[in-house]
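Each chain is listed here by its residues.
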Amino acid sequence: MELAGIAANGNNLKQTSDLSAVLSPAVAAAASYLQKQFSEARPFRHVVIENFFDASFCQRLCSEFPDFDTRAALNENGEIGGKATQEKIHKLGPGFCRLDEVVQSQPFRELIGEITGIPNLQYDPHYFGGGTHENRHGQDLDPHVDFNFHPISRQHRRLNLIVYLNPEWLDQWGGSLQLHKDPYLEPSQDEIVTLTPLMNRCVIFETTEKSWHGFARINLPQDKQQLSRKSFALYYYTDTRPADETAEEHSTVYVERHMPDRFRAGLTLAEADLLELRILFARRDQHMRRLYGNIQHLYGETNRLRQQLSRISTEETAVDAQDVPLDQAQQLIQQLRIRIRELEQSTSWRITAPLRAIKRIFQGS
């Protein structure tokens, strides 16, 4: 969406000294229009804003963007992958320091709150999962919904704000952001919106239990493989959330990709086809190993808590002299058992959050 024409009418311009050197004034001028786009978007609430940053400031971020660091590229299996993230953006240069100051400021948070209709947005000083992201040739991101509680502040995750920093990108290269209605459905039945990660394009979307998003494997042409997919990501939180939008705490939930449509009866597999199938099966195998490892760990914690309960006499009313009644502790153990059974029946959840919740209660934190 181009904002130049809207900015000319700038009656509702909210330009402040904090924002003017970083954010394009057209964004604030178009807040009401952007709010309408956000609320009406499909497959879930989001908005795309072109030329989000001031042009010279955007170039400054590009020049300060960190080199790919393998130490920041470890995947969930502890292996070096094709994605590097840097959460400590204040160490990347004066431009990113300035950006950090602005995105935590009240004027900026109020502007984003006006666009999205979500008030009292809170900044994450840890940039947990955020900061700079760089994805190389061969990297992809399965459709997923994000974790729903901050692991430290315990606040509700409400918004993803992503600004892309790629002067050149084509959808056929993969790597374009895809928003899904339901990735469990076959692609022909799913509703998918594709957004190209072009320079200074900002995407803001609400984080819910249905905000499925990801991107297809990056497959750059031979003469473009020096490129990578670069972005800055920021997540906002709130202290409370409407009850009908609040789910049990979970970590990021992934859905493995469907078999490509070209794999049909009669197809003769080429070497590239065989490689793709092997990758798909290997990813599922890794996913299942990780899930069963989580299950084993949860069983161990269940046994530990059961042993702890067995040491409590029937006269005692607290666990380890803390204010946790015995019947509440037994109820928590039962809830943990239920969650383990759910994990055993599913290969789409990567969950450690219920365990953390149990530990917080027993540790009195």
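Residues numbered from 1 in each chain as written. Predicted model: local features only at pLDDT ≥ 70, side-chain atom pairs only at ≥ 80, totals over all residues. Heavy atoms only, no water.

**Q** Describe in detail the sheet that holds strand β4 (residues 141-145), supporting the description with residues and values.
**A** Taken in spatial order, the five strands line up as β7-β6-β9-β4-β11 in an open sheet, and their pairing is antiparallel. Each edge of the open sheet is held by one strand with a lone partner, namely β7 (192-195) and β11 (253-254). Relative to strand β9 (residues 212-215), β4 runs antiparallel, the two sharing two bridges. Looking at the pairing, Leu141 lines up with Phe215 of β9. (Pairing = 2+ DSSP bridges. Helix = DSSP H or I, 4+ residues; strand = E, 2+ residues; numbered from the N terminus.)

**Q** Explain the pattern of salt bridges to me, and be specific about the residues and the numbers.
**A** Tallied over the full model, the rule gives 18 salt bridges. Notably, a salt bridge pairs Arg42 with Glu191, separated by 2.7 Å at the nearest N-O pair. Residue Arg42 is found in the loop between α4 (31-40) and β1 (46-49), and its partner Glu191 is found in the loop between β6 (177-180) and β7; the two are separated by 149 residues along the sequence. With a relative accessible area of 24%, Glu191 lands in the partly exposed category. Across the pair Arg45 and Glu206 runs a salt bridge whose closest N-O atoms are separated by 2.8 Å. (Salt bridge = Lys/Arg side-chain N within 4 Å of Asp/Glu carboxyl O. Buried < 20%, exposed > 50% of the residue type's maximum accessible area, 1.4 Å probe, protein only.)

**Q** Provide a residue-level description of the environment of Leu141, including the pertinent values.
**A** When you line up the elements, Leu141 lands in strand β4. According to the relative accessible area criterion, Leu141 is partly exposed, its value standing at 22%. As a C-alpha pair, Leu141 and Ala216 span 75 residues in sequence and 6.5 Å in three-dimensional space. Here Leu141 is in contact with Gly214, Phe215, Tyr254 and Arg257, once residues within four sequence places are set aside. (Contact = heavy atoms within 4.5 Å.)

**Q** So, the side chain of His144: which residues are in play, and what are the values?
**A** Within the secondary structure, His144 is located in strand β4. Looking at His144, the relative accessible area reads 4%, which means it is buried. A polar contact is formed between the side chain of His144 and the side chain of Asp146, at a distance of 3.3 Å. Polar side-chain contacts of His144 include one of 2.9 Å to the backbone oxygen of His213. (Polar contact = N/O pair within 3.5 Å; in protein donor to acceptor, adjacent residues only side chain to side chain.)

**Q** So what about the pairing of β1? Which residues, and what values?
**A** Burial along β1 is two-sided: His46 and Val48 facing one way and Val47 and Ile49 facing the other are all buried. Strand direction decides the pairing type here: β1 and strand β8 (residues 202-206), joined by four bridges, are antiparallel. Counted as the bridge partner of Val47 is Ile204 from β8.

**Q** Describe empty space enclosed by the protein, with residues and values.
**A** What the rule picks out here adds up to four cavities of 30 Å³ or more. Looking at the second largest cavity, the residues that line it are Asn148, Phe149, His156, Glu209, Arg241, Glu245, Thr246 and Ala247. When grouped by side-chain class, the residues that make up the lining of the second largest cavity number two nonpolar, three polar and three charged. (1 Å grid on protein atoms, 1.4 Å probe; cavity = no way out; pocket = protein on both sides within 12 Å on 5 of 7 lines; lining within 4 Å. Points joined across faces, edges and corners; volume = space filled by probe spheres on them. Nonpolar A, V, L, I, M, F, W, Y, C, P; charged D, E, K, R; others polar.)

**Q** Pulling in residues and values, what's your account of the packing of α4 against helix α7 (residues 106-116)?
**A** Interhelical geometry of α4 versus α7 gives an angle of 50 degrees and a closest axis separation of 7 Å. By the angle between their directions, the pair α4 and α7 is classed as oblique. The residues of α7 that touch α4, namely those facing Ala31, Ser32, Leu34, Gln35 and Phe38, are Leu111, Glu114, Ile115 and Thr116. Per-class residue counts for the contact of α4 with α7 are five nonpolar, three polar and one charged. (Axes fitted to C-alpha atoms, helices over the stretch in contact; angles between N-to-C directions. Parallel < 35°, antiparallel > 145°, perpendicular 65-115°, else oblique.)

**Q** Pulling in residues and values, what's your account of the packing of helix α5 (residues 55-64) against helix α6 (residues 94-103)?
**A** For the pair α5 and α6, interaxial distance at closest approach is 8 Å and the crossing angle is 125 degrees. Looking at the two axes, α5 sits oblique to α6. Seen from α5, the contacting residues are Phe57, Arg60, Leu61 and Glu64; seen from α6, they are Pro94, Gly95, Phe96, Arg98 and Leu99. Its residues assigned to classes, the contact of α5 with α6 comprises five nonpolar, one polar and three charged.

**Q** Explain the layout of surface pockets residue by residue, including any values.
**A** Regions of empty space are outlined by a rolling probe, equal in size to a water molecule, passed over the atoms. When its volume is computed, the second largest pocket comes out at roughly 890 Å³. Along the wall of the second largest pocket there are 29 residues; nearest its centre are Ala216, Arg257, His258, Pro260 and Glu276. Looking at the lining of the second largest pocket, the elements that each hand over two or more residues are β4, β6 and α8 (271-310). The element best represented in the lining of the second largest pocket is α8, accounting for six residues. For the lining of the second largest pocket, the class distribution of residues is 13 nonpolar, five polar and 11 charged.

**Q** So, α5: which residues are in play, and what are the values?
**A** All buried positions along α5 are accounted for by Phe57, Cys58, Leu61 and Glu64. The buried residues of α5 all sit within an arc of 125 degrees when viewed along its axis, so they share a single face. Of the residues in α5, the exposed ones pointing more than 90 degrees away from the buried face are Ala55, Ser56 and Ser63. Buried residues along α5 sit against α6. (Arc of directions from axis to C-beta.)

**Q** Requested: an account of the sheet that holds β1, with residues and values cited.
**A** Strand order in the open sheet formed by six strands is β1-β8-β5-β10-β3-β2, with antiparallel pairing between adjacent strands. Edge positions in the open sheet fall to β1 and β2 (83-86), since each of these has one partner strand only. With direction set aside, neighbouring strand axes in the sheet form an average angle of 20 degrees. Two strands pair when backbone bridges link them, and strand β5 (residues 156-164) and β8 are joined in this way by five bridges, in the antiparallel orientation. The residue of β8 that forms the bridge with Val163 is Cys202.

Don't take any of this as a statement about function, it's just geometry.
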